[in-house]
Amino acid sequence: MIQPQPKIQPLISRRTSGLKGRIKVPGDKSMSHRALMFGAIAIGETRIKGLLEAEDVVNTAKAMTALGAGTFRDDEGVWHVQGVGVAGLQSPAQPLDFGNSGTGVRLALGLMATTPLIAQCIGDASLSKRPMGRVTKPLEEMGARFEAAEGSTLPLTLHGAKNAVPIIYTLPMPSAQVKSAVLLAGLNAPGRTTVIEPVATRDHTERMLQAFGARITVEEKDGARHISVEGQHELTAQEIDIPGDPSSAAFPMVAALLSESSDITIENIMLNPTRTGLIVTLLEMGAQIEIKNKRVSGGEEVGDLQVKASKLHGVRVPAARAPSMIDEYPILAVAASFAEGTTRMDGLEELRVKESDRLAAVEAGLQKNGVLTQSGPDWLEVSGGGAPGGGKVATHMDHRIAMAFLVMGLASRIHVSLDDSSFIATSFPDFVGLMKGMGARISALEVK
Ligand code: S3P
């Protein structure tokens, strides 16, 4: 079942100089999904401050309610989740609609897989094209059953295991979603479930499960991470404070680097080392980014980022860095098109299965705006020197493609337009307002 799409919103962005201001971006998306889900199966009431109130996460909150957890938002914006215990989730009366969110559906499949419930999962046209086999395969080994559309895509129906089996699973691709799905299934399986991760990916599941009192261990063996959970032990409700999302901060950060005379500060950004690959890369490119007020909050490193307009130069971004900046390649490619020289990015195979085929969508957008590129199955090379602009970008229901090219228009000679910006609401609902507040020239494009 394909859901009706929100109204199409074409936008245009124009060359801007002097972005100024202190801003806050919304709460981290990965942590927000997890806080709601772990709260749903904990004992007691979890209270979440700074939850990302965007479509993807709101869909997760609705799914947790449909599975029997109590969720409500108080007048101060704090979310309260009344948990039902690790074995307490119930079959939902209606299909669970995860909208645009791969994280929402893949983590929820893990959460439900070892409880004997039946749930149908649906999503929008973009999510319905994305591969679910990467999670259904290990979850089947744990005893769950799935009826899926062709090619293991949504809509799919999950039959949770009556007699769950713990497994040892080596991740075939570097994916925090797959790792998390198996670990969450392990929470209600008897005995020890282990995920072996040859390449480290974001570790919010491990950190937050530890905070919720799960019996979880992480060991390094022969260069791989072995993460194990002992199942069928209850979690304890927590108070969680979610810092700003580095993947959202990436857009104003690059906008300030590219728009001359800019000087902005982005407050309270999560700086977990499994998420900071973009900052590392931009610093190598010559960016003036200063991390101030470094501190630890809610188990995560956090800081304020002061960003000033900078002259960038091209670099080679190694494949090994990809997991720590997997969502940031669209905006890095935009930054690279204004750098001096060529930037080469390797290890991009996972970009093909994001909200869109991001490698193809980014390359097409760059070329439409006069940027020279070359690419292969898992790499992209961008020639710098400045994007002429003037192109209309196809965003393919992908929020990060939309935000990246709005940033391009702030620095290109001719304006850049988007076919549709409505999907920005999945992760960063006030993006345009926040950018305009710093002086960005972004406006609605009249459709003739
Ligand atoms: C996420 C993991 C990444 C990332 C996504 C969020 C998560 O996906 O792209 O935006 O919260 O676990 P993969 O696990 O597919 O790499």
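Refer to the structure above for everything that follows.
Since this is a predicted model, take the numbers as computed values, not measurements.

Caption draft 1: Geometry of the nonpolar core. With 73 residues, the main nonpolar core has Leu 282, Tyr 329, Met 345, Phe 405 and Phe 431 as its most contacted residues. By residue number, the principal contributor to this core is helix α11 (residues 399–411), which donates 10 residues. If sequence neighbours within four positions are ignored, Leu 282 has contacts with Met 253, Val 254, Leu 257, Ala 287, Ile 289, Leu 332 and Ala 335. Val 57, Ala 61, Leu 127 and Ile 216 belong to the second-largest nonpolar core, a separate cluster that totals 70 residues.

Caption draft 2: Seen up close, the site of the ligand. Every residue lining the ligand is accounted for by Ser 30, Arg 34, Thr 103, Pro 174, Ser 175, Ala 176, Gln 177, Arg 202, Ile 326, Asp 327 and Lys 354. The contact in question runs from an oxygen atom of the ligand to an N or O atom on the backbone of Gln 177, over 2.9 Å. Residue Lys 354 places a side-chain N or O atom 2.7 Å away from an oxygen atom belonging to the ligand. Surface burial for the ligand is 95%, taken as the share of its 390 Å² of free accessible area covered by protein chains. More than half of the atoms belonging to the ligand lie within 2 Å of the grid points that define the largest pocket.

Caption draft 3: Structural view of helix α9 (residues 329–337). Taking burial as the measure, the 9 residues of α9 include 9 buried ones, the bulk of the element. Those residues of α9 that fall on the buried side of the exposure criterion are Tyr 329, Pro 330, Ile 331, Leu 332, Ala 333, Val 334, Ala 335, Ala 336 and Ser 337.

Reading guide: rules and limits
Residues numbered from 1 in each chain as written. Predicted model: local features only at pLDDT ≥ 70, side-chain atom pairs only at ≥ 80, totals over all residues. Heavy atoms only, no water. Core = buried A, V, L, I, M, F, W, Y, C linked by side-chain atoms within 4.5 Å. Buried < 20%, exposed > 50% of the residue type's maximum accessible area, 1.4 Å probe, protein only. Helix = DSSP H or I, 4+ residues; strand = E, 2+ residues; numbered from the N terminus. Contact = heavy atoms within 4.5 Å. Near = heavy atom within 4 Å. Polar contact = N/O pair within 3.5 Å; in protein donor to acceptor, adjacent residues only side chain to side chain. Areas by Shrake-Rupley, 256 points an atom, 1.4 Å probe, with all protein chains shown as cover. 1 Å grid on protein atoms, 1.4 Å probe; cavity = no way out; pocket = protein on both sides within 12 Å on 5 of 7 lines; lining within 4 Å. Sits in = over half its atoms within 2 Å of the grid points.

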